[in-house]
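Spelled out from the first residue to the last, the chains are:
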Amino acid sequence: MKAKKSWDHKWYTDEFLAELKATACTVMDGGLPVTVKYAPDAGSELAIDPRLLGGPLGRNAKKMALLPDFLLNRVKMRTDPKGIAAFRKNCDQVSSAVCVRGGMELLDRTVIAADGYEIPIRVYRSEGCQPDCPCLYFMHGGGFIGGGIRPYDEVWKVFVEKFHVVVVSAAYRLLPENPYPMPYEDCFRVLEWIHTNAALLDIDPARIFVTGDSAGGNLAQYCSTRAKGTGMVRGQLLLYPTLNMFCVEDAYYRLDGRNFTFDPKQKKLSRCVVRQTELMVRSLDASLGIPGPDPMCNPYTFEAAGNPPTFLSVGALDFLKNDTIAWAHKLQDAGVPVKVVVYNGMGHGYLNAMGVFPQAEDVVDEMGRFLREFC
C-alpha cells in the first residue's frame, strides 16, 4: 500500500526544485518572450504534472474524460446556493505543506470601509524585514464568490522568509451577497490604507506592489488601474488572472484553442483540465450580477497604457492562459515592462499549494526577483 503524503514537510526536495528551474527556456509568442518551465518527472515537456493528476483538478479531469464530447461540452458549473456553498468549501481547504517553522509574525486587524464595514487583513513580517522595506499587497482568488486569507498563509511565510518583504492580505467581501462592485471597493480601500499607514507598517509607501491570483489578479489589476498617476502602486504581479471574463475576442484573444498544445498521449485529459476553468469563467460571469464589460471587471478590453511593470504567470493547461498571454501582448505594445512565466503541465491554481506543487515555490522565487528588479 502506498504511503500517504505528509503535510508536515514539503513533498519535493530542493534538488527537484532546482531541476524544474533548469528546464526554463524562452519561447516567442509572436513578439512576446515567454519563459516556459515543466516538472522533470512529467514524462514530457507537455505532459500533465503528476501532482496535478493526484489532486482535485486531475481527478475531475479523469472523470470528465470518460464522457463523450457532446456531453462534455454540455457540462455546467452549479451556481445555485448549494453549488456556491460547495465551491466555497473547496476554496477554504488548506492545500499547502509546512515549509516555514517559526520566526514569522502574523498580525490580524481590520480596515474600515466607506460604509463602516471592517475588512479583515493579515500582515506577515519577520525580523528580516528592515524599516522602510517594500510591501506586497495580496488579493486572493475564488471566482469572486469564495476564498480567503488562511489557505495562502504558507505562501506568504515563504515569501517573507526569502525576500524580507512585508505582505498584507485582504479578505474582501464576496459576491453575490455583496453586490458588484463591493469586492473592488474593499480591495482599493485596503490599498489606500496601506499607503496612508506606511509608517505604522514600517514600509516604504513608494514601493507597494499589488498581487493576486485568479479573481484576485483581476482585483489587483483594478487597483493598479485606479491608482494610475497616484504613485501608490510600484508594480503588479498577476497569477493566472481573469482579465477578460466576458471573453471578448480580438487579434490577441481567441477562443479557437490556438493557445493550447497538448501531449499527444493526454489530449482529451488535458482538454478536460482546461475545460474546468472554462466552466468556472463562463458560468460565473452570468451569475455575479455584473451587467457587462467595464474597466473594473474586464480590464482586457480597455486601456493598457500607464500600467506599472507587470509580472504574469499561468499554467499551460489553464483556460485563463488566454487572458494572461493576450494581456501581456497588450501591455508590451503599450510600452509596459512585462515578464511572463508559463508552467507546462499545470492547470488553474498552484500558488496556494506551497510545498506540494514545486511550481508554487518557483513562482514565489520569480516574483521575488521581479520585485527586487523594480524596487
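Structure report, in brief.

Rules and cut-offs
- Numbers given to residues run from 1 along each chain, matching the order in which its sequence is written.
- Whole-chain, interface and lining totals are the exception, using all residues; otherwise, since this is a predicted model, local features are given only for residues with pLDDT of at least 70 and side-chain atom pairs are given and counted only at 80 or more.
- Based on all heavy atoms of the structure, the side-chain values leave hydrogens and waters out of the count.
- Comment: elements are numbered from the N terminus, with helices defined as DSSP H or I runs of at least four residues and strands as E runs of at least two.
- N or O atoms within 3.5 Å of each other form a polar contact, as long as, within protein, one can give a hydrogen and the other can take it, and as long as residues adjacent in sequence are counted only when both atoms are side-chain atoms.
- Contacts: residue pairs with any heavy atoms within 4.5 Å of one another.
- Each cavity reported here is a set of points on a 1 Å grid over the protein atoms alone in which a 1.4 Å probe fits but cannot get out, each pocket an open set with protein on both sides within 12 Å along at least five of seven lines, and each lining residue one with an atom within 4 Å of a point.
- Grid points are joined across faces, edges and corners, and a volume is the space filled by probe spheres set on the points.
- Note on residue categories: nonpolar means Ala, Val, Leu, Ile, Met, Phe, Trp, Tyr, Cys or Pro, charged means Asp, Glu, Lys or Arg, and polar means any other residue, Gly included.
- Any carboxyl oxygen of Asp or Glu that lies within 4 Å of a side-chain nitrogen of Lys or Arg is treated as forming a salt bridge with it.
- Throughout, exposure labels follow a simple rule: accessible area from a 1.4 Å probe, protein chains only, divided by the maximum for the residue type, with under 20% read as buried, over 50% as exposed, and the rest as partly exposed.
- For two strands to be treated as a pair, DSSP must find at least two bridges joining them.
- A fitted line through C-alpha atoms represents every axis, and for helices the fit uses only the stretch in contact; the resulting angles, taken between N-to-C directions, go from 0 to 180 degrees.

1. With respect to the side chain of D365
Residue placement: D365 occurs in helix α12 (residues 358-373). Of the polar contacts made by the side chain of D365, one reaches the side chain of K162; its length is 2.7 Å. Those residues within four positions of D365 in sequence are excluded, and the remaining contacts are L17, K21, K162 and F163.

2. Overview of empty space enclosed by the protein
Any empty space left between atoms is shown by rolling a water-sized probe over those atoms. Taken as a whole, this structure holds one cavity of 30 Å³ or more when the rule is applied. Each pocket or cavity is described by its volume, and for the largest cavity that value is around 110 Å³. In terms of lining residues, the largest cavity is bounded by 12 residues, among which G143, F144, T242, V281 and L284 are the most central. Residue contributions to the lining of the largest cavity peak at three residues, all from helix α10 (residues 267-284). Taken together, the residues of the lining of the largest cavity break down into eight nonpolar, three polar and one charged.

3. Let's talk about the pattern of salt bridges
A full pass over the atoms with the stated rule returns 25 salt bridges. In this structure, E361 and K10 form a salt bridge, with 3.1 Å as the shortest nitrogen-oxygen distance. Of this pair, E361 sits in helix α12 while K10 sits in the segment before α1 (14-22); the two residues are 351 residues apart in sequence, bridging distant segments of the chain. The buried category is assigned to E361, whose relative accessible area is 7%. What emerges from the salt-bridge pattern is a single network uniting K10, D14, K21, K37, K162, E361, D362, D365, E366 and R369.

4. Some details on the sheet that holds strand β1 (residues 25-29)
The mixed open sheet is built from 10 strands, whose spatial order is β1-β2-β10-β9-β8-β7-β5-β6-β4-β3. In this open sheet, the two edge strands, each paired with only one partner strand, are β1 and β3 (105-112). Shown here is a sheet whose adjacent strand axes are inclined to one another by a mean of 25°, direction ignored. Pairing geometry for strand β8 (residues 235-239) and strand β9 (residues 310-315), over four bridges, is parallel. Along β9, the bridge assignment pairs L238 with L312.

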